[in-house]
Amino acid sequence: MTDNLLEVSGLKMHFPITKGVFKRKVGAVRAVDGIDLAVKKGETLGLVGESGCGKSTTGRLMTRILEPTEGKVLFDGRDVSHVGQAGLRPLRRDVQMIFQDPYSSLNPRHTVGSIISAPLQIQNIPTPNGLKSAVQDLLKLVGLNPEHYNRYPHEFSGGQRQRIGIARALALRPKLIVADEPVSALDVSIQAQVVNLLDDLQREFDLTYVFIAHDLSVVRHISDRVAVMYLGRVVEIADREQLYKNPRHPYTVALMSAVPVPDPARRERAQRNRVLLTGDVPSPINPPSGCRFRTRCWKAQDICATEDPALIPRLEDPASHQTACHFPVTEDEVVAGRRPAGAQA
Amino acid sequence: MSIGPEASITDERSAPTDDAAAVRGTGDTAIAGRSLKQIAWRRLKRDKVAMGGAFVVMFLVLLAILAPVLARIWGHPVNEFHGDQIDPTFSTPIGSFGGISKDFILGVEPSSGRDIFSRILYGAQTTLIVAVLSALVSTVLGTLFGLAAGYLGGWVDSIISRVMDFLLAFPQLLFAIALVSVLPQSIFGVSGRWSRVLVLIGVIGFFGWPYIGRIVRGQTLSLREREFIEASKSLGAGSRRILFRELLPNLAAPILVYTTLIIPTNILTDAALSFLGVGIPPPNPSWGGMLSDALSYYTDDPMYMIIPGVMIFVTVLAFNLFGDGLRDALDPKAR
């Protein structure tokens, strides 16, 4: 277990809901509700799930922008779950974040130069050739014109802005980068460029990524392992090929079948395989008992309402493929191409 | 190698003057970015109405600064009585239009015969000083409290917000009248006109800060959820850096606009207080005080009322037009 750069265990983040003048606590949004994950050195862990399932909150807990309600965050073997702002400063050097929206993640009143040099100034990192040349090296690294250091963010396109965000994250030469949907705000051609840039940088600087996304094809391209989240829990985690070939959790199956198929010849077959989920995601304020997916699952039975399934290897899966489901989907069900029994159109 | 429309902004060489990059050996000159400030300035320059307002404001400021000089050239000492200019039976100025002549270019005061031109100049001094300094007091207080309320949230926000509600509901004019009547003639070692100026700045400035405070608080609330604040936190930035380096520059535009827009309100409050007799004490000149004096003569000598009235009107209008133009230039979406 020593090759784990980051480990989270039993991680919970409950946002209190308050009411009235005296901020009486009337409930909590269980954004993240008991997650165990380990990120190995040098790998890319993909984190997928639909909106509101707690992916971004998990990312913010990993970078300790948020303080967990319960559970532990271990970075390089050190418990950082409840370290205060001052104690976190060294951690900030090693863990950086790339944000989703390149339009709001850069301060519109600062030049690119001051945005990218901010981490160096805040962390008091000496720059032998001066701050400006350090900034220009970073700009070159992410494929931007180094002469643009005194321009303002509004003068750049979305893709270029995201590169600025990446340059800022790289400035401290971190070990781990948590990328929170770094490409979902960009159009498809730019997505590929940014994903490839992240790939190149990983090789060059020996980076570890936690890649949060809802786009399964992007995650498939960049990740070594993929974890699927649903309503604040990890429902399935596996190596990339294993997960995409043999999805076990009904939710994963449904998610995969929702990926649009660009090839019209294959589209016909994909249509037949579509698993359409009905209803909305239940409220994280009051999640269902037992398995959280049971309200929308076509395989749900009585046990699902009473017993919370553990995240363990199911069927004949290798130890690295863990699923939290009492009735995992077998290969036959997926390959056979018939609509899973009970799934509604 | 270049990305973006630098062709159109090659003429912008003003920004990076302190930058050695402007003279890089390779022949590549640094490409200057056009800051939002520069863009706003260009937009403001094209707004003729706002620029007109700005010129009037600057003209008035010049008048106030040069008051002693101008009064010596074209006027007479402020408190010099000119009984020979007054009709002894009606105590109104001799001559038409309130005694306007080559010697007294804006006429003379009824009954005393003091030079209105000089009194308007010195009145401009006190009015502008009171209005601008009290606006500054409001801005500083409003920015600090608004930032604290918006950024810290929780009970700090609750307390500051309730205080702001309280102050906005408070009868400011009545308070000022009561305060002025109990204060001694001299405070902090200054007396006469300037002691009252200090009181006015304090009272008007203090009751004005909730207007700025509310706007700053609201903007801070929305800005602090933006990802660049989170990014700054994830870099290890402290609260002070986030407040003053990340948030404040983004608040500069609304703060500037509302400061310019409370100045005319302050001018009116100052005039109202002087009109009610609790502003600048006589015999020191003030626009509101002149209006108040003119009340007893307006049927016989309307000019005495028109001149300070027009001055107040023009000043308030100029500040308002400039402030509106500034808002349009800084935030074109908020039209």
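Quick caveat, the model's predicted, so the values are computed rather than measured.

*Asks:* Lay out the overall build of chain B in plain terms, naming residues and giving numbers.
*Replies:* When you go through chain B residue by residue, the secondary structure sums to 11 helices and two strands. Along chain B, helices and strands appear, N-terminal first, in the series α-α-α-α-α-α-β-β-α-α-α-α-α. Considering only contacts within chain B whose residues lie at least 6 apart along the sequence, 69% involve residues at least 24 apart.

*Asks:* I'd love a proper account of the overall build of chain A, names of residues and values included.
*Replies:* Assigned secondary structure in chain A consists of 12 helices and 11 strands. Each of the three principal axes of chain A carries a C-alpha extent, and together these read 65 × 55 × 45 Å. Across the 345 residues in chain A, those meeting the buried criterion constitute 45%. A sequence separation of at least 24 residues applies to 65% of the contacts in chain A between residues at least 6 apart.

*Asks:* Could you give an account of the sheet that holds strand β4 (residues 70-75) of chain A, naming the residues involved and the relevant values?
*Replies:* Residue and element names in this part refer to chain A. Within the open sheet, the four strands sit side by side as β2-β1-β4-β5. Their pairing is antiparallel. The open sheet has two free edges, formed respectively by β2 (24-40) and β5 (78-79), since each of these has just one partner strand. Relative to β2, strand β1 (residues 4-19) runs antiparallel, the two sharing 13 bridges. Following the sheet pairing, Thr 18 is matched in β2 by Lys 25.

*Asks:* Explain the pairing of strand β7 (residues 176-180) of chain A to me, and be specific about the residues and the numbers.
*Replies:* Residues and elements named next belong to chain A. Burial analysis of β7 places five of its five residues in the buried class, the great majority of the element. Where burial is concerned, the two faces of β7 agree: the one with Leu 176, Val 178 and Asp 180 and the one with Ile 177 and Ala 179 are both buried. Traced from β7 through helix α6 (residues 188-205) to strand β8 (residues 208-213), the parallel crossover comes out right-handed.

*Asks:* An account of unusual backbone geometry is needed here, citing residue identities and associated values.
*Replies:* Residue and element names in this part refer to chain A. You will see that Arg 173, though not glycine, has its phi angle at about 50°, which is positive. As for its position among the elements, Arg 173 is in the loop between α5 (158-170) and β7. The backbone phi angle of Glu 181 is positive, close to 45°, even though this residue is not glycine. Its place among the elements puts Glu 181 in the loop between β7 and α6. Given 21 C-beta atoms within 10 Å, Glu 181 falls into the buried group.

*Asks:* Describe the environment of A:His326, listing the residues and the values that go with them.
*Replies:* Residue and element names in this part refer to chain A. Counting through the fold element by element, His 326 comes out in the loop between β11 (322-323) and α12 (331-335). The partly exposed category is assigned to His 326, around which 19 C-beta atoms lie within 10 Å. A C-alpha to C-alpha distance of 8.6 Å links His 326 and Cys 291, two positions 35 residues apart in sequence. When sequence neighbours within four positions are dropped, the list of residues in contact with His 326 reads Cys 291, Ile 303, Cys 304 and Pro 309.

*Asks:* For the environment of B:Met51, give the residues involved together with the corresponding values.
*Replies:* Summarising the element assignment, B:Met51 is placed in helix α2 (residues 48-65). Note: C-alpha distance between B:Met51 and B:Phe322 (271 residues apart in sequence) is 6.8 Å.

*Asks:* Quick rundown of the nonpolar core? Include the residues and the values.
*Replies:* In this structure, A:Val210, A:Phe211 and A:Val228 are the most contacted members of the largest nonpolar core, which totals 90 residues. Setting aside residues up to four positions removed in sequence, A:Phe211 forms contacts with A:Thr44, A:Leu45, A:Gly46, A:Leu47, A:Ala179, A:Val219, A:Ile222 and A:Ser223. Of all hydrophobic cores here, the second largest spans 62 residues; its members include B:Tyr122, B:Val203, B:Val278 and B:Ala329.

*Asks:* Just give me the short version of the packing of α5(A) against α6(A), but keep the residues and values in it.
*Replies:* Residues and elements named next belong to chain A. Where α5 meets α6, the axes come as close as 10 Å, and the angle between the chain directions of the two elements is 15°. One finds that α5 runs roughly parallel with respect to α6. In the packing of α5 onto α6, the handedness of the crossing is right-handed. On α6, the residues that touch Gly 158, Gly 159, Gln 162, Arg 163, Ile 166 and Leu 170 of α5 are Ile 190, Gln 193, Val 194, Leu 197 and Leu 201. Here the residues of the contact of α5 with α6 are counted per class, giving six nonpolar, four polar and one charged.

*Asks:* Describe in detail the sheet that holds strand β6 (residues 95-98) of chain A, supporting the description with residues and values.
*Replies:* All names here are of chain A. Spatially, the seven strands line up as an open sheet ordered β6-β7-β8-β3-β9-β10-β11, and their pairing is mixed. The open sheet has two free edges, formed respectively by β6 and β11, since each of these has just one partner strand. Across five bridges, the pairing between β7 and β8 is parallel. By the bridge assignment, Val 178 is partnered in β8 with Val 210. The sheet contacts of α5 involve β6 and β7, and relative to β6 the element is tilted by about 175°. Along the sheet, helix α9 (residues 250-257) contacts β9 (225-230) and β10 (233-239); its crossing angle with β9, the most-contacted strand, is approximately 105°.

*Asks:* Tell me about the pairing of β1(A), and name the residues and values.
*Replies:* Residues and elements named next belong to chain A. Counted between consecutive antiparallel strands, the loop separating β1 from β2 contains four residues, among which Gly 20 sits at a positive phi close to 80°. By the bridge criterion, five bridges tie β1 to β4 in an arrangement that is antiparallel. Residue pairing for β4: Glu 7 is matched across the bridge by Leu 74.

*Asks:* Help me get a handle on the packing of helix α3 (residues 112-122) of chain A against α5(A), residues and values and all.
*Replies:* Residues and elements named next belong to chain A. Interaxial distance between α3 and α5 falls to 7 Å at its minimum, and their mutual angle equals 30°. With respect to α5, the element α3 is oriented roughly parallel. Contact residues: Val 112, Ile 115, Ile 116 and Pro 119 in α3; Ile 164, Ala 167 and Arg 168 in α5. Taken together, the residues of the contact of α3 with α5 break down into six nonpolar, no polar and one charged.

*Asks:* I'd love a proper account of the confidence of the model for chain A, names of residues and values included.
*Replies:* When pLDDT is averaged along chain A, the result is 86; 93% of the residues meet or exceed 70. When the criterion is pLDDT under 50, residues 336-345 of chain A qualifies, and its contacts beyond four places in sequence or with other chains add up to 15 contacts.

*Asks:* Explain the confidence of the model for chain B to me, using residue names and the numbers behind them.
*Replies:* Residues and elements named next belong to chain B. For chain B, the mean per-residue pLDDT works out to 82, and 87% of the residues sit at or above 70. Long-range and interchain partners of residues 1-29, a stretch whose pLDDT sits below 50, account for 29 contacts in this model, where long-range means more than four residues apart. Both confidence scores are given for the complex: pTM 0.79, ipTM 0.81.

Rules and cut-offs
Residues numbered from 1 in each chain as written. Chains lettered and ligands numbered in written order. Predicted model: local features only at pLDDT ≥ 70, side-chain atom pairs only at ≥ 80, totals over all residues. Helix = DSSP H or I, 4+ residues; strand = E, 2+ residues; numbered from the N terminus. Contact = placed C-beta atoms within 7 Å. Buried ≥ 20, exposed ≤ 12 C-beta atoms within 10 Å, placed from the backbone. Pairing = 2+ DSSP bridges. Right-handed = clockwise from strand over helix to strand, strands pointing away. Core = buried A, V, L, I, M, F, W, Y, C linked by C-beta atoms within 7 Å. Axes fitted to C-alpha atoms, helices over the stretch in contact; angles between N-to-C directions. Parallel < 35°, antiparallel > 145°, perpendicular 65-115°, else oblique. Left-handed = near helix turned anticlockwise from the far one by under 90°. Nonpolar A, V, L, I, M, F, W, Y, C, P; charged D, E, K, R; others polar. pLDDT = per-residue confidence, 0-100.

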